[in-house]
Amino acid sequence: FGLKLEDNKVSEWSDKYIDYEMLKRILKKASEAIKRKDELCKRKPILAEEIVAAYKQGNGPNLVSPSSSQIELMGDTIQEEEEPVVDQVPAAAVSETKPLLTKSETHASHGTIASQTVDSLSGHISRTISGYFSNSKYEQRIREALDEIENLESRFDESIHQQLQQVNAFYFERIDELNSRLSVLVESVVEEYGTKGGTPVIHHRRKQSLAEKVVSRFHRKPSLEVSSKSLGADAYDYKPVHISHDSSADPFIDDPVLSAGEDYSAGLKASDSIQRAMTDMYRTAKLLHNFAIMNYTGFVKIVKKHDKTFKEHKGRFKKFTIESEVCSGGKDVGKLEERMERLYADWFCDGNLLEGRAQLLPKRGDGLQMDWSQLRLGYRLGMCAVLTIWVCWDCIWGFVAHNESTIGGRTAFPVFRALGGLVLLHWFWGISTYVWTRFRVNYIFLFDFNPNIVESPIGIFNDAVDETLVFLVCMLLYYKSGAHDIPGIVPPGFYPFFLVLYAIKCLILPLRTRRPLWRAIFEVMTSPFNSPTFFTIYIADVFTSMIKVFQDFAFTIGFVVSGDWMVSEDKLKEDKSHMWAHSFWYKNVLIPLICLFPLWIRFNQCLRRYLDTGIRGPNLLNAFKYAMSQTVTLFGAFHPLYLMYSRGDSNAVSLFQIFWMALFVASSLYSFTWDVVMDWGLGQPKFAFLGPRLMYPNRLSYYLVMAADLVLRFMWVLTLIPPQSGAQFEIPQYLTAVSMALELFRRTLWGFFRLENEHRNNTGHYRRVSFVPLHFNTGHKHKYSHEKEHVGWTVLVEVGVVSLIVIGVSVSSVIAAQRASRDLLSPEL
């Protein structure tokens, strides 16, 4: 949590937040002191229990006489030393003892016994005295540990109360300031535009510019009719004032020019000033709301640590976990935000709250600003576009013009399809982070990311465009080499092999950012044995959309390990020893298991969530959804009925197809309903089948995404059928790449609204505190803030070098084509 707190701190307010690290250090020292005390108590538990009891009763250290335990210990020691003397005498020896002793023998015996008794008593006394002083040191050490523990808890008590007082004082001070600023703004607007009829006059036949429309709309509503319902019970009380309808006050006249150009300019500036003032106050209010959320979360976390450390005093600081005790739970600033939204929407957006909220949160900062690196990204994107067109042209034109097999029919095409899926997933991840950042969805907080190593959307796009360039170049060279359009210096299989090595490098490096990803993937793979987090569940959901990619991964591993990349394609077609892809273990065992494994992971995660939370409803119902998907896969891949169409038993085929289609439709509709209602929190009739407090401003986008999800869900279920299984309803090979891309696209759209819902509602109960701060650029140090920005001249040099290379290749291609044409025409001449 300490990293999250630092990431969401406003730099100007950094000293006003809860000092979470200081409180945590106190608890850490207390935990160490408690551990030392417990180790001391284990040495002499009886004595330690008496010392602790005396300490709690307020008695001082016992330095006068030995304690009862010491006396008991001394008595036990004497008895233990005397008893063995009797026990060691055998029964036979007792019967042989002489009945009488002489006088001299009796005196000698008495002297011996007396000397032994004196020696024994002196030994016991010396041991008791030494043990007494030893126990005194032992008692002193325990008391010192108890004093340290008490002092640390007292220090923690004092510190946490000081922190709460500081946080609340700053919060209410800022609330009063915002209320005062808003009151002054509203009063000035009402006084200026609600009591005077002077408004900018614009010709009604003249087309208005955007600025004129804003000013016209603002001045045509000078009353600022905002009811108490829209502002809350404590709304500012002012009476609406309407414009009179006489000719002198009519805002539209027949004069072809503006009747008051200076007034119009002044009105435009005033309107812009009001918008900027409201935007600045709203942003401050949002940051203050984040301030309340983060501090409340900090107090809850630190009190929980205290209860774990001081188990005897558990619940002592329970009031700090009450929402209303810390910044009043952010309710005051929440009401203030609603008032600002209503005012702004009524003044500038015709009452449209979604549009007003979008305009009130300008996207400044947050890693979306432009610099020289955008030029670098732009021209590389242009190179990717040219290469994409080139690859598509060669593949399609070769098939149409010469009836030759395209790259889709080549041996290594599944390798490119698998790695292309990874590249596409990287692009979609960059788009997701861009959208979440733009609309303030705090994915860093929700995913428990380390803010110090988070990449910006622009950084992700730069990495993705580099990977795309390497992918397209290798794909083009592979196609040209197989078609004998370039010299066969290396076998065609070398290009996909090189691409595999490059992909491994990108998946491993840089270690600092890849290590957390692979750790999360390991937790996903071992999901039944550990508690799933929101991020691991998100990864597992993405894995269910990558079934086709995983199938191609299996082919890629076999292609590389078997050495097929070193053999020419003509030889691969003739040599049956390289036809491992058609073997039984690969086609009928491995591929179906790959289809089932991601669904099995999510099924286990749902069951584990049920065991961890005890909540049946969503967890078991979600598990049932994945069980249905697995059933579709099993029946589509292994049931023998689908093969009966080749035997002429049409009735059996019809029966199975009816059953399978019913299961297919039920699974698709169930998954779609779960997406909309549970994962997105939409589909509520009272909100026009959407949800409350939407974070994306365009309502139409919600309906479009729901429609797209319904269609693409049916296509996703079809991807669960293993390829080349013989089923009539499997996806053709030439559409596999398209279906894979569409499913990744659907999962990206799903992620937009899934994180929005988790941000607003904490639907999965992954957090103790339901509130999530909005994502702002608050001065925290992300990974991309440490990266050296591309200096202008270095970018220009790179652009120039690449341009010269492209020009050189183009000129060489033209010269080579002209020479080839002359060689073809020379025999005829």
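Residues numbered from 1 in each chain as written. Predicted model: local features only at pLDDT ≥ 70, side-chain atom pairs only at ≥ 80, totals over all residues. Heavy atoms only, no water.

### Some remarks on the overall build of the chain
Stage number 1. Check the secondary structure of the chain and you find 27 helices and zero strands.
Stage number 2. Residues counted as buried form 45% of the 829 residues belonging to the chain. (Helix = DSSP H or I, 4+ residues; strand = E, 2+ residues; numbered from the N terminus. Buried < 20%, exposed > 50% of the residue type's maximum accessible area, 1.4 Å probe, protein only.)

### Re unusual backbone geometry
Generally, phi is negative for residues other than glycine and the peptide bonds are trans, each holding for most cases.
Stage number 1. Omega for the peptide link from Leu509 to Pro510 comes to -5 degrees, which places this bond in the cis form.
Stage number 2. By the secondary structure assignment, Pro510 is in the loop between α16 (494–508) and α17 (511–525).
Stage number 3. Despite not being glycine, Arg440 shows a phi value in the positive range, around 65 degrees.
Stage number 4. Mapped onto the secondary structure, Arg440 falls in the loop between α13 (413–438) and α14 (443–446).
Stage number 5. Residue classification places Arg440 among the buried residues on the basis of a relative accessible area of 1%.
Stage number 6. Although it is not a glycine, Ala688 adopts a positive phi angle of roughly 60 degrees.

### Concerning a positive patch on the surface
Stage number 1. Taken together, the side chains of Lys301, Lys304, Lys305, Lys308 and Arg768 make up a positively charged region of the molecular surface.
Stage number 2. Looking at the element boundaries, Arg768 is found in the loop between α25 (736–761) and α26 (783–786). (Patch = residues over 30% accessible without salt bridge, like charges linked within 9 Å, V, L, I, M, F, W, Y side chains within 5 Å. Areas by Shrake-Rupley, 256 points an atom, 1.4 Å probe, with all protein chains shown as cover. Salt bridge = Lys/Arg side-chain N within 4 Å of Asp/Glu carboxyl O. Lys, Arg positive; Asp, Glu negative; His and termini not counted. Charge placed at Lys NZ, Arg CZ, Asp CG, Glu CD.)

### As for the side chain of Asp675
Stage number 1. With respect to the element layout, Asp675 can be found in helix α23 (residues 650–679).
Stage number 2. When its relative accessible area of 0% is taken as the criterion, Asp675 is described as buried.
Stage number 3. Other than its neighbours up to four places away in sequence, Asp675 contacts Trp680, Asp709, Arg713, Arg746 and Trp750. (Contact = heavy atoms within 4.5 Å.)

### What to know about the packing of aromatic side chains
Each aromatic ring pair is specified by the distance between its two centres and by the angle formed by the two planes.
Stage number 1. A complete count under the given rule lists 46 aromatic pairs for this structure.
Stage number 2. Aromatic pair Tyr344 and Phe348: ring centres 4.9 Å apart, planes at 45 degrees, arrangement tilted. In this pair, Tyr344 and Phe348 are both assigned in helix α10 (residues 331–348), four residues apart and thus about one turn of the helix distant.
Stage number 3. Tyr344 gets classed as buried once you look at its relative accessible area, which sits at 3%.
Stage number 4. The class for Phe348 is buried, based on a relative accessible area of 3%.
Stage number 5. Taken together, the aromatic side chains of Trp429, Trp436, Tyr443, Phe447, Phe449, Phe534, Phe535, Tyr538 and Trp750 make up a single cluster linked through ring pairs. (Phe/Tyr/Trp six-rings, centres within 6.5 Å; stacked < 30°, edge-to-face > 60°.)

### Focus: the environment of Met278
Stage number 1. Within the element layout of this structure, Met278 appears in helix α9 (residues 261–309).
Stage number 2. For Met278, a relative accessible area of 0% corresponds to the buried category.
Stage number 3. In this structure the C-alpha to C-alpha distance between Met278 and Val186, which are 92 residues apart in sequence, comes to 10.0 Å.
Stage number 4. The contact partners of Met278, leaving out residues within four places of it in the chain, are Leu182, Leu185, Met340, Leu343, Tyr344, Trp347 and Leu360.

### With respect to the pattern of salt bridges
Stage number 1. Inspection of every chain in the model, using the stated rule, returns 23 salt bridges.
Stage number 2. In this structure, Lys37 and Asp38 form a salt bridge, with 3.4 Å as the shortest nitrogen-oxygen distance.
Stage number 3. On the basis of relative accessible area, Lys37 is assigned to the buried category, the value being 15%.
Stage number 4. For Asp38, a relative accessible area of 34% translates into the label partly exposed.
Stage number 5. Overlapping salt bridges bring together Asp675, Asp709, Arg713, Glu743 and Arg746 as one network.

That is the geometry; function is a separate question.
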